[in-house]
Amino acid sequence: MRNGSALFGLAVALFMAAPVARANDATYETPLLRLAEVLGSIHYLRNLCGEGSDAWRGKMEELLETEAPTPARREKLIASFNRGYRSFAGTYENCTDQALSAIDHYMNEGSRISSEIVQRYGN
């Protein structure tokens, strides 16, 4: 698979390990919801292109476990993950050069978002 998975995985792991402000802070909620959407996109695309695992769904489950959200907030996070997954499931049926490019884009974006969350909201 493409380079970057180790970097993104590390960034997500750092995010999971960092104590994070869990207040209903909209500035925190927005990137967290986007991260969930990115995880869904990567989960679909990497499996489409041969990964064949639930690693990225597992990262989403870790995020939910770490956040311990209220039921309503949990639903929002899961909906974001599913939106990311479905957005590509409706576009790509085969692994193409564009799908591989999208993987690279979303891996970079996920790494950036994870790092920003840790820098801004980690204690």
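The model shown is predicted, which means the values in this text are computed figures rather than measured ones. (Residues numbered from 1 in each chain as written. Predicted model: local features only at pLDDT ≥ 70, side-chain atom pairs only at ≥ 80, totals over all residues. Heavy atoms only, no water.)

Asks: I'd like to hear about the pattern of salt bridges, residue by residue, with values.
Replies: Within the structure shown, the criterion is met by seven salt bridges. Residue Arg34 is joined to Glu109 by a salt bridge in which the shortest nitrogen-to-oxygen separation is 2.7 Å. Within this pair, whereas Arg34 is found in helix α2 (residues 26-48), its partner Glu109 is found in helix α5 (residues 97-121), the two being separated by 75 residues in sequence. Overlapping salt bridges bring together Arg34, Glu37, Arg83 and Glu109 as one network. (Salt bridge = Lys/Arg side-chain N within 4 Å of Asp/Glu carboxyl O. Helix = DSSP H or I, 4+ residues; strand = E, 2+ residues; numbered from the N terminus.)

Asks: Go over a negative patch on the surface with me, naming the residues and quoting the values.
Replies: A cluster of acidic residues, Asp54, Glu61, Glu62 and Glu65, forms a negative patch at the surface. On the secondary structure map, Glu61 appears in helix α3 (residues 55-67). (Patch = residues over 30% accessible without salt bridge, like charges linked within 9 Å, V, L, I, M, F, W, Y side chains within 5 Å. Areas by Shrake-Rupley, 256 points an atom, 1.4 Å probe, with all protein chains shown as cover. Lys, Arg positive; Asp, Glu negative; His and termini not counted. Charge placed at Lys NZ, Arg CZ, Asp CG, Glu CD.)

Asks: A description of α3 should follow, citing residues and the corresponding values.
Replies: Over its 13 residues, α3 extends 18 Å from the first C-alpha to the last, a length consistent with the 18 Å expected when each residue adds 1.5 Å. Every buried residue of α3 is listed here: Trp56, Lys59, Met60, Leu63, Leu64 and Glu67. Seen end-on, α3 carries its buried residues on one side only, within an arc spanning 140°. Note on α3: the residue one or two positions beyond its end, Ala68, has a positive phi of about 45°. (Expected span 1.5 Å × (residues − 1). Buried < 20%, exposed > 50% of the residue type's maximum accessible area, 1.4 Å probe, protein only. Arc of directions from axis to C-beta.)

Asks: Kindly report on the packing of aromatic side chains, identifying the contributing residues and their values.
Replies: Per the stated rule, a full pass over the model turns up three aromatic pairs. Between the aromatic rings of Tyr44 and Tyr85, the centroid separation amounts to 5.1 Å while the plane-to-plane angle is 85°, which identifies the pairing as edge-to-face. In this pair, Tyr44 sits in helix α2 while Tyr85 sits in helix α4 (residues 71-89), placing the two residues 41 residues apart along the sequence. The class of Tyr44 is buried, set by a relative accessible area of 13%. Judged by relative accessible area, which is 29%, Tyr85 ranks as partly exposed. (Phe/Tyr/Trp six-rings, centres within 6.5 Å; stacked < 30°, edge-to-face > 60°.)

Asks: How would you explain the environment of Arg73 if you had to name every residue and give the values?
Replies: Mapped onto the secondary structure, Arg73 falls in helix α4. Along the chain, Arg73 and Leu33 lie 40 residues apart, while their C-alpha atoms are 9.7 Å from each other. Excluding its chain neighbours within four sequence positions, the residues that come into contact with Arg73 are Tyr28, Glu29, Leu32 and Glu67. Polar contacts involving the side chain of Arg73 include one to the side chain of Glu67, which spans 3.0 Å. (Contact = heavy atoms within 4.5 Å. Polar contact = N/O pair within 3.5 Å; in protein donor to acceptor, adjacent residues only side chain to side chain.)

Asks: Any details on the state of the cysteines? Residues and values, ideally.
Replies: Under the definition given, this model contains one disulfide. Across the disulfide, Cys49 is cross-linked to Cys95 (sulfur-sulfur distance 2.1 Å). Between Cys49 and Cys95 the disulfide shows an S-S torsion of about 100°. By sign, it is right-handed. Note that Cys49 is positioned in the loop between α2 and α3 and Cys95 in the loop between α4 and α5, a separation of 46 residues in sequence. Its relative accessible area of 15% is what places Cys49 among the buried residues. (Disulfide = S-S within 2.5 Å.)

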